[in-house]
Amino acid sequence: MFAALGDETRLALVGRLAGGETYSISQLRSGSRLTRQAITKHLRVLEKVGLVRSVHRGRESLFQLDPEPIVEMREYLDLVSEQWDEALNRLKAFVEK
Amino acid sequence: MQDRIEKRIELKAPISRVWRALSDYREFGEWFRVRLEGPFLPGQVSRGQITYPGYEHVKWEALVEKMEPEKLFSFSWAHPKSLDKESYSPDSSEDPRTLVEFRLEKTAAGTLLIVSESGFSKLPAELRLEAFRRNDQGWTEQVKNIESYVAKTP
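Since we're looking at a predicted model, the values are computed, not measured.

A. A look at the pairing of strand β5 (residues 72-78) of chain B. Residues and elements named next belong to chain B. Pairing of strand β4 (residues 59-68) with β5 involves six bridges; the strand directions are antiparallel. The residue of β5 that forms the bridge with Lys66 is Ser74. From the end of β4 to the start of β5, which pair antiparallel, there are three residues, and Glu70 there has a positive phi angle of about 60°. Judged from the seven bridges that link them, β5 and strand β6 (residues 97-106) form a sheet pairing that is antiparallel. Counterpart to Ser76 in the pairing with β6 is Leu99.

Structure, rendered in structure tokens:
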């Protein structure tokens, strides 16, 4: 996921999708110099890691941001961090007694 | 995005004492809450069973990296997709690993311990641990209950 976000174009796409609605490739392309193929390629990378979902409407694919994985990774880091705090407090009590 | 966690803690104990609590597998097991099968040896896998209440089904498995007396102790370990009793898999060979480092520095009051864990960027996006988090919160409550119970009934 971190690698997927480590690209300016993809980060910009995520920024556009952050509006929370579904967007077509044409909408996502407006104002950028990228080709349709390039945008699609980036969207597929984001889809693969679960940051973006696509839905089909007629012949068109619409894309939507799935914010869940980002939230989870941050939560996971918070959780690991809390567990270290607890373990180190136990260590402190253990060596200071 | 964050790849690393770092903690610093001042311990009012000599560096030799802290080193023993980290490097002796029985002492480590006491405070970490794990029953280890044998001593830590660099380059070797350390195995055991977690003794933390509620997680006794979880296996401990870490590859000891460095042991530089009173300076550095490090190991890598796996992050299972789930620690929930129902979905936990004891086979961690496919799980992504992070590196844990304990660095010790002598201070006027005792020892400064710097713990870092790095390599979270390798973890998959589909890591789903809400259940664990919920359990963990319930658990923290339990500990408080026990503490207040012990305090009231010495």
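B. Structural view of the sheet that holds strand β2 (residues 34-36) of chain B. All names here are of chain B. Taking strand neighbours across the sheet as the criterion, the seven strands line up as β1-β7-β6-β5-β4-β3-β2 in an open arrangement whose pairing is antiparallel. Strand pairing shows two members of the sheet lacking a second neighbour, β1 (4-11) and β2, which therefore form its edges. Each strand of the sheet is rotated relative to its neighbour by a mean of 25°, with strand direction disregarded. Together, β1, β4, β5, β6 and β7 (111-118) form the strand contacts of helix α1 (residues 15-23), whose direction differs from that of β6 by roughly 160°.

C. Fine view of the packing of α1(B) against helix α2 (residues 25-32) of chain B. Residues and elements named next belong to chain B. Relative orientation of the contacting elements α1 and α2 amounts to 85°, with a least axis distance of 5 Å. Between α1 and α2, the crossing angle belongs to the class labelled roughly perpendicular. Contacts between α1 and α2 involve Arg20, Ala21 and Leu22 on the former and, on the latter, Glu27, Phe28 and Trp31. Residues that form the contact of α1 with α2 fall into these classes: four nonpolar, no polar and two charged.

D. Just the sheet that holds strand β3 (residues 60-65) of chain A, in detail. Residues and elements named next belong to chain A. The three strands lie next to each other as β1-β3-β2, forming an open sheet whose pairing is antiparallel. Among the strands making up the open sheet, the edge pair consists of β1 (23-24) and β2 (52-57). The strands touched by helix α2 (residues 8-17) are β1, β2 and β3; relative to β3, the strand with the most contacts, the crossing angle is about 90°. Across the face of the sheet, helix α4 (residues 36-48) comes into contact with β2 and β3 while running at roughly 115° to β2.

About the cut-offs
- Residues numbered from 1 in each chain as written.
- Chains lettered and ligands numbered in written order.
- Predicted model: local features only at pLDDT ≥ 70, side-chain atom pairs only at ≥ 80, totals over all residues.
- Pairing = 2+ DSSP bridges.
- Helix = DSSP H or I, 4+ residues; strand = E, 2+ residues; numbered from the N terminus.
- Axes fitted to C-alpha atoms, helices over the stretch in contact; angles between N-to-C directions.
- Contact = placed C-beta atoms within 7 Å.
- Parallel < 35°, antiparallel > 145°, perpendicular 65-115°, else oblique.
- Nonpolar A, V, L, I, M, F, W, Y, C, P; charged D, E, K, R; others polar.

Read these as geometric descriptors, not functional statements.
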